[in-house]
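In case you want the letters, here they are:
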Amino acid sequence: MSKEIKTIGVLTSGGDAPGMNAAVRAVVRTAVTAGCKVKGIQKGYAGLLEEEIIDLGAGSVSDILNRGGTFLYTARCEEFRTEAGQKKGAEICRKHGIDGIVVIGGDGSFRGAQKLASFGINTIGVPGTIDLDISCTDYTIGFDTAVNTAMEAIDKVRDTSTSHERCSIIEVMGRNAGYIALWCGIANGAEDILLPENYNYDEQILVDHIIKSRKIGKTHHIIINAEGIGHSTSMARRIEAATGIETRATILGHLQRGGNPTAKDRVYASIMGAYAVNALVSGKSNRVVAYKHGEFVDYDIDEALDMKKELDPFQLTVSRILAR
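Residues numbered from 1 in each chain as written. Predicted model: local features only at pLDDT ≥ 70, side-chain atom pairs only at ≥ 80, totals over all residues. Heavy atoms only, no water.

## Considerations on the overall build of the protein
And then number 1: For the protein, the count of helices and strands is 11 helices and 11 strands.
And then number 2: Relative to a compact globule of 324 residues, whose C-alpha radius of gyration would be 20 Å, the protein shows 22 Å and is just as compact.
And then number 3: Each principal axis of the C-alpha atoms in the protein carries an extent, and together these give about 70 × 35 × 35 Å.
And then number 4: When the 324 residues of the protein are sorted by exposure, 54% land in the buried category.
And then number 5: By sequence separation, contacts in the protein at least 24 residues apart represent 74% of the contacts at least 6 residues apart.
And then number 6: Of the accessible surface of the protein, which amounts to about 14100 Å², a share of 49% is contributed by carbon and sulfur atoms.
And then number 7: In the protein, the 37 positive side-chain charges and the 40 negative ones have mean positions that sit 2 Å from each other. (Helix = DSSP H or I, 4+ residues; strand = E, 2+ residues; numbered from the N terminus. Rg over C-alpha atoms; globule rule 2.2 N^0.38 Å. Buried < 20%, exposed > 50% of the residue type's maximum accessible area, 1.4 Å probe, protein only. Contact = heavy atoms within 4.5 Å. Areas by Shrake-Rupley, 256 points an atom, 1.4 Å probe, with all protein chains shown as cover. Lys, Arg positive; Asp, Glu negative; His and termini not counted. Charge placed at Lys NZ, Arg CZ, Asp CG, Glu CD.)

## Comments concerning the pairing of strand S11 (residues 295-300)
And then number 1: As judged from the 6 bridges shared by strand S10 (residues 287-292) and S11, these two strands associate in the antiparallel manner. Bridge assignment links Ala290 to a residue of S11, and that residue is Val297.
And then number 2: With antiparallel pairing between neighbouring strands as the criterion, S10 and S11 make up a hairpin whose turn holds 2 residues, including His293 at a positive phi of roughly 55°. (Pairing = 2+ DSSP bridges.)

## Topic: the sheet that holds strand S2 (residues 37-41)
And then number 1: Read from one edge of the open sheet, 7 strands run S3-S2-S1-S4-S5-S10-S11, paired in mixed fashion. Of all strands in the sheet, those bounded by a partner on one side alone are strand S3 (53-56) and S11. Here the strands of the sheet are splayed against their neighbours by 25° on average, with no regard to which way each runs.
And then number 2: When S2 meets S3, the two strands line up antiparallel, connected through 4 bridges. Residue Val38 lies in a different strand from S3, and its bridge partner there is Leu56.
And then number 3: Strands in contact with helix H1 (residues 20-33) are strand S1 (7-12), S2, S3 and strand S4 (100-105); relative to S1, the strand with the most contacts, it is inclined by about 180°. (Axes fitted to C-alpha atoms, helices over the stretch in contact; angles between N-to-C directions.)

Here you go:
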């Protein structure tokens, strides 16, 4: 069993996600209730190596629950990918009396947490990424907000696309995963959904579908394109040339990362943050908090990083049936 936890550090790493602040707030207040001190590490692992570390109390996290982004800031850090950087990070934790650390981020952040654990720092990961691409969990902080943000934007694009009788290609984020695209495709009633997990890059299929739809009276055509495929602007030019139908590309970009988190992201992030502290206080380390089959659980980081995740085949089937 790990040694008694007296001081807990918390950081957010990688891409920001709405709900991260809710998780940090829960970490701080749960830790304080358990009699622990809390250190906030700013700017992720980069801030750890630069010793940008502040004291946090219950009052320090007031009025952040409803804010998007992360008030601890975040950054990517190449130095922390090296063994020297990882050892330095562990030494800095010990220097500041940090017995355990909660890392809120994606799989890259968890690899950093894994290394800290190997150098003797008790570590718990909390999944924070809009991409929903962490294999061990059915939920990641920020996904719900990002999908709702994208959905509302796509509804607006559909309005103008219908007015001008256009085809619209709307590119959503997700890195190499198609979860945001799939969910938006279903939620927005898209005619086509392009997912990196199963796209065959045959644009003739899209062209034929657009022409067929126009012949039966459809006055618009919405294509949701995942970031992992990209090239929406050049795709729009090719489709317009092939169909003779005006085609525009809209790349939603980083607006999907911002905005007030939804109720689900606030509540689930809060539960995960509290769970992480309880795991540390109970002596756990090198674990990832997850939401699986309707329950909050935790996995060994090594096991979690080895897992593979695929799109739900039934959701894919439903998306195809509804895209007519």
